[in-house]
Amino acid sequence: TSTAIEIINTVEDLELTAAQKKACLMKCFVKRATAYVDLGQLDDALADFGKAREGMGKNPALESKMMRICQWISKRKDSKELRAEAAQHHTDQDYKQAVPLFDTLIGIEPLDPLLRVKRSECYLRTGHAAKCMWDATFALSILDDNSDKDLSQADDGQSLQATIQAAKEKQRLRSRILSLRAGAYALVKDYAKALRDYQAALELFPTHPELQKATDHVSLLIQAKKYANRSTSLFSKRQYYKARGVLTTFLNKIPLPHLHVGVLCNRAACYLATRQYGKCIQDCSRGLQLYEVMSEHKANRLNEEQALEWLRTLHVRRGTAFCWQGSLEKGLDDYEKAMKLEKSRVEGSSESIRLLGEDIAKIRDSLEKSASAISTS
């Protein structure tokens, strides 16, 4: 285009009218400006678009379009500092501060896949799974739309080499996007879709240790969900021994300690239903100890609300087993701990608090009657 512009401006016998020359120059300036934008040479792009606007004549629609393009380039030029600030927040893991900056940048450059990827990661780290999925999916669609563009433009050995390198970078970016979306699916417990995305990412980088680890982890979660659903179904049908067997298999085959707290709690319910109070107490105590150990080593993956619910239930079941064994003091202690946990829960229900209060009153009443009977005798 630079050569064409030079020819139009210098060669006199082109057999073009002044209007035709002006039209050709305008097209050349627009094409060269577009190329400058792709190269990131925004000052040159603005200069060429400005020259194109001068040669347009009276065309309000085209003038308006060109003005919007120039405004967009100006914003993109000004966004360099904003991009650096957003990248710094992202690097510092200050994801909440980074998100509004990426919002602004994506408004300026909506088809930049890297901006979408970084905002997607911010959403994932702050627990916004649906938004993470949306950005990741959009970024993948941008990559798919541009998948053949670079190869079609490779016309010599040097450009082909650059194209191959660009293809490798896109492959890395695609793998990263897939793993982010997989993480979002795992966050909402859609493990089948998470596994699909992790496996797709692993196909791109088969030797990547973190991807392999994540794929194996999600595979275990899928197995765990099957065991949990099976045991719940059996328990609801009052097949307590079979439900207990499934939960025991879960504990033996699924090496995910943070899930074992809930499994032990559910197996304790099976023991309680079959009046095996000693084993119920053992499982509840084991679950409480496991949670304490995980918390000390910062290995607890349960969210706070979920953890409080399991802990409360473990205390209630152990307290019930103690009461059936005649250890009312120990049972009362567990029920009072359960009450304290229920009151601390954000989603704690007034009905649960009322029922726990009634049970505590009954245990205290039984203790008083027992003490009265002993003193009378």
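As a reminder, the structure under discussion sits directly above these lines.
Residues numbered from 1 in each chain as written. Predicted model: local features only at pLDDT ≥ 70, side-chain atom pairs only at ≥ 80, totals over all residues. Heavy atoms only, no water.

1. As for unusual backbone geometry
For residues other than glycine, phi is negative in most cases, and the peptide bonds are mostly trans. The cut-off we apply is this: Comment: elements are numbered from the N terminus, with helices defined as DSSP H or I runs of at least four residues and strands as E runs of at least two. Residue exposure (1.4 Å probe, protein chains only): buried if accessible area is under 20% of the type maximum, exposed if over 50%, otherwise partly exposed.
The backbone of Gln 93 sits at a positive phi, close to 65 degrees, despite the residue not being glycine. Here Gln 93 shows up in the loop between helix 4 (60-91) and helix 5 (95-108). Overall, the relative accessible area of 57% leaves Gln 93 in the exposed class. Unlike most non-glycine residues, Lys 189 shows phi in positive territory, near 65 degrees. Judged by relative accessible area, Lys 189 falls into the partly exposed class, the value being 46%.

2. A look at the nonpolar core
The cut-off we apply is this: Here, nonpolar core refers to any group of buried Ala, Val, Leu, Ile, Met, Phe, Trp, Tyr and Cys residues whose side-chain atoms link them within 4.5 Å.
Of all hydrophobic cores here, the largest spans 50 residues; its most connected members are Phe 102, Ile 177 and Ile 254. If you list the elements that add at least two residues to this core, you get helix 5, helix 6 (113-125), helix 7 (129-145), helix 9 (157-187), helix 10 (191-204), helix 11 (209-236), helix 12 (240-253) and helix 13 (257-273). Membership of the second largest hydrophobic core comes to 18 residues, among which are Val 261, Tyr 291, Leu 308 and Leu 314.

3. Quick word on the packing of aromatic side chains
Let me state the cut-off plainly: Think of it this way: a Phe, Tyr or Trp ring, Trp meaning its six-membered ring, pairs with another when their centres are within 6.5 Å, and the plane angle makes it stacked under 30 degrees, edge-to-face over 60, tilted otherwise. Whether a charge lies above a ring is judged from NZ of Lys or CZ of Arg, which has to be within 6 Å of the ring centre and within 35 degrees of the ring normal.
Inspection of every chain in the model, using the stated rule, returns four aromatic pairs. One cation-aromatic arrangement involves Arg 116 over Phe 138; the distance from NZ or CZ to the ring centre is 4.0 Å.

4. Considerations on the packing of helix 10 against helix 11
The following threshold applies: Angles run from 0 to 180 degrees between N-to-C directions of axes, and those axes are lines fitted to C-alpha atoms, restricted for helices to the stretch in contact. Angle categories are assigned with fixed cut-offs, so that under 35 degrees is roughly parallel, over 145 is roughly antiparallel, 65 to 115 is roughly perpendicular, and the rest are oblique. For any pair of crossing helices, the crossing counts as left-handed if the nearer helix is rotated counterclockwise from the farther one by less than a right angle, and right-handed if it is rotated clockwise. By definition in these notes, contact holds between two residues if any of their heavy atoms fall within 4.5 Å.
For the pair helix 10 and helix 11, interaxial distance at closest approach is 9 Å and the crossing angle is 155 degrees. Taken together, the axes of helix 10 and helix 11 lie roughly antiparallel to each other. Where helix 10 crosses over helix 11, the two elements pack in a sense that is left-handed. In this structure, helix 10 uses Tyr 191, Ala 192, Ala 194, Leu 195, Tyr 198, Gln 199, Ala 201 and Leu 202 to contact helix 11, whose residues at the interface are Leu 211, Gln 212, Ala 214, Thr 215, Val 218, Ser 219, Leu 221, Ile 222 and Lys 225.

5. As for the side chain of Asp 48
Using the following cut-off: Within 3.5 Å is the distance limit for a polar contact, defined as a pair of N or O atoms, with the added protein rule that one can donate a hydrogen and the other accept it, and that residues adjacent in sequence qualify only through two side-chain atoms.
When you line up the elements, Asp 48 lands in helix 3 (residues 42-54). Take Asp 48: its relative accessible area is 2%, and that puts it in the buried class. Separated by 2.6 Å, the side chains of Asp 48 and Arg 32 make a polar contact. Excluding residues that lie within four positions of it along the chain, Asp 48 makes contacts with Phe 29, Arg 32, Ala 33 and Tyr 36.

6. Quick look at the pattern of salt bridges
Formally: Definition used for salt bridges: Asp or Glu carboxyl oxygen within 4 Å of a side-chain nitrogen of Lys or Arg.
Evaluated as defined, the whole model comprises 24 salt bridges. Salt-bridge contacts for Arg 116 lead to Asp 135; the nearest nitrogen and oxygen are separated by 3.3 Å. Within this pair, whereas Arg 116 is found in helix 6, its partner Asp 135 is found in helix 7, the two being separated by 19 residues in sequence. Owing to a relative accessible area of 0%, Asp 135 belongs among the buried residues under this scheme. The shortest N-O distance in the salt bridge between Arg 267 and Asp 283 comes to 2.7 Å. Separated by 16 residues along the polypeptide, Arg 267 in helix 13 and Asp 283 in helix 14 (residues 277-296) bring together distant segments of the chain.

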